[in-house]
Amino acid sequence: MTATVAVVGGGYGGITVAQSLDEDVNVVLIEPKDAFVHNVAALRAVVDPTWADWLFFPYDGLLKRGRVVRDRAVSVEPDGVRTMGGEWIPADYVVVATGTSYSFPAKVYNTNAEAGVHRYKRTNQALARAGRVLLLGAGPVGLELAGEIKSKWPDKQVTVLEPARDVLSGGFVADFDPELAGQLRAELRGQLEKMGVDIILGDSLRHDPPTMTGVTSGFAASTWHGRSLTADIWFQCYGRKPVSRMLSTTLSNAWRHDGYLSVMPDLRLPGHPRVFALGDVTKTAAMDTAVVAMEQGAFVVEQIKSLLGGGGTDAYEPSQPLFLVPLGTGGGASYSPDAGILDAETTTLYKGNNLFLAKYCEIFGVPNPME
């Protein structure tokens, strides 16, 4: 009999597992959204509403044999998944690929793609009306969003406020060569300052802004170091959280104190040989990027195939893919383990213009709108 693999989460890692196993096993992909969201390009959609129509890929085109259950998993067990709608999906193998949550616009949580498109377009209109923009957080999202805004609207006043002493704090480049990490930070700061972005480090707001994020409404705020800031719109660019609470008590020993999942070297949950977890819901030595999630998805596929054939599993050895931070359509910098720091032109070549759109058009079998 053909085995059943339940994949919980239809993000970058989840779609990799589901599509790659589709010809060999019974695949069930459990995902509440009606379309895959290409989050890598989400910040571009805020400044260019055309991209809002290109972010969403209906799951209908992903699988040929398997099925997509449009529902939320509420209990992941060692032998199956229970959904919010009450369906029990028995499975020989379970793959948890639920990722992390993040504030809009880096991620959108509308389960309906049409509503997601409208939200990006409304935010674009609100941002277009704003003269002063405040971004809280100088991680990859804050820097990339600042670059997108200034690339589209050079005359807007953009301020990035970061409590740490430098940009890209919080472990984003913790595993990089320290000298190269410093060069990357300096290159990004320099480009943003040249674009006219005001970067304030080592300070934070005394109170949350009095308006909703992404809405045009002028306000004033003060920082702990006594600065007075004014803005017409603001965005939260920090606060990533793992989506892991759907694990049953049977699997709860995988929970870490911070909500991420612990995995063994082969990406299985400790003590559960038929349950895998991958992507940024887990804590591994790999970077938390879409590329890594898809890499781990491909790895898990090979482990499941090996187990189905009576073999064993291997230890996952993370690669060191490029760390790309585009700043609009013509700026940015990247880190390469082999080549060091890559300039704006090279970063743009890799990611800045097409944002890997063609790859996902191919995965979902739809025409590339950029061609």
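Above: the structure in question.
Attention in this report is confined to the structure presented alongside it. (Residues numbered from 1 in each chain as written. Predicted model: local features only at pLDDT ≥ 70, side-chain atom pairs only at ≥ 80, totals over all residues. Heavy atoms only, no water.)

Comments concerning the packing of helix H1 (residues 12–21) against helix H6 (residues 290–308)
The relative placement of two packed helices is expressed as an angle between their axes plus a distance between the axes. What counts, and what does not: Axis angles are defined between N-to-C directions and span 0 to 180 degrees, where every axis is a line fitted to C-alpha atoms and, for a helix, only to the segment in contact. Secondary structure is summarised from DSSP: a helix means a run of H or I of at least four residues, a strand means a run of E of at least two, and numbering begins at the N terminus for each. Working rule for handedness: look at the near helix, and if it is turned counterclockwise from the far one by less than a right angle, call the crossing left-handed; if clockwise, right-handed. When checking whether two residues touch, look at their non-hydrogen atoms; a contact exists if any pair is within 4.5 Å. All residues other than Ala, Val, Leu, Ile, Met, Phe, Trp, Tyr, Cys, Pro, Asp, Glu, Lys and Arg, Gly among them, are scored as polar; the first ten of these are nonpolar and the last four charged.
Where H1 contacts H6, the axes come no closer than 7 Å and their chain directions differ by 35°. By crossing handedness, the relation of H1 to H6 is classed as right-handed. Taking contact as the criterion, the partners of Tyr12, Gly13, Thr16, Val17, Ser20 and Leu21 in H1 are, on H6, Ala290, Ala293, Met294, Gly297, Ala298, Val301, Ile304 and Lys305. Residue composition of the contact of H1 with H6, by class: nine nonpolar, four polar and one charged.

Concerning the pattern of salt bridges
Cut-off, in case you're wondering: A pair is scored as a salt bridge if a Lys or Arg side-chain nitrogen falls within 4 Å of a carboxyl oxygen belonging to Asp or Glu.
Taken as a whole and judged by the stated rule, the model has 12 salt bridges. The salt bridge partner of Lys351 is Glu144, with a shortest N-O separation of 3.9 Å. Placement of Lys351 in helix H7 (residues 344–352) and of Glu144 in helix H4 (residues 140–152) is noted, with a sequence separation of 207 residues between them.

Observations concerning the sheet that holds strand E20 (residues 331–336)
Picture the strands of a sheet paired through backbone hydrogen bonds; they go either parallel or antiparallel. Short version of the rule: Criterion used throughout: strands pair if DSSP finds at least two bridges between them.
Taken in spatial order, the three strands make up an open sheet running E19-E20-E21, and their pairing is antiparallel. Edge strands, defined here as strands with exactly one partner in the open sheet, are strand E19 (323–327) and strand E21 (340–342). On average, each strand axis in the sheet is inclined to that of its neighbour by 15°, with strand direction left out of account. Here E19 pairs with E20 via five bridges, running antiparallel. Its bridge partner lying in E20, Leu327 is registered against Gly331.

Describing the packing of aromatic side chains
Formally: Only Phe, Tyr and Trp rings take part, Trp by its six-membered ring, and two of them pair if their centres are within 6.5 Å. Stacked means planes under 30 degrees apart, edge-to-face means over 60, and tilted covers everything else. To sort residues, take the accessible area from a 1.4 Å probe on protein chains only and compare it with the maximum for the residue type: under 20% means buried, over 50% means exposed, and anything in between is partly exposed. As a reminder, the over-ring test applies to NZ of lysine and CZ of arginine, requiring each to be within 6 Å of the ring centre and within 35 degrees of the ring normal.
Applying the stated criterion across every chain yields a total of 12 aromatic pairs. Pairing Phe176 with Tyr335 gives two aromatic rings, centres 3.8 Å apart and planes at 5°, and the pair type is stacked. Pair noted here: Phe176 is in the loop between strand E12 (157–162) and helix H5 (178–195) and Tyr335 is in strand E20, with a separation of 159 residues, a long-range link. Accessibility expressed as a relative area gives 8% for Phe176, which makes it buried. By relative accessible area, which is 6% here, Tyr335 ends up buried. Chaining the aromatic ring pairs together yields one cluster made of Tyr12, Phe36, Phe57, Tyr59, Tyr360 and Phe364. The ring of Trp153 has Lys156 lying over it, and the distance from NZ or CZ to the ring centre is 4.8 Å.

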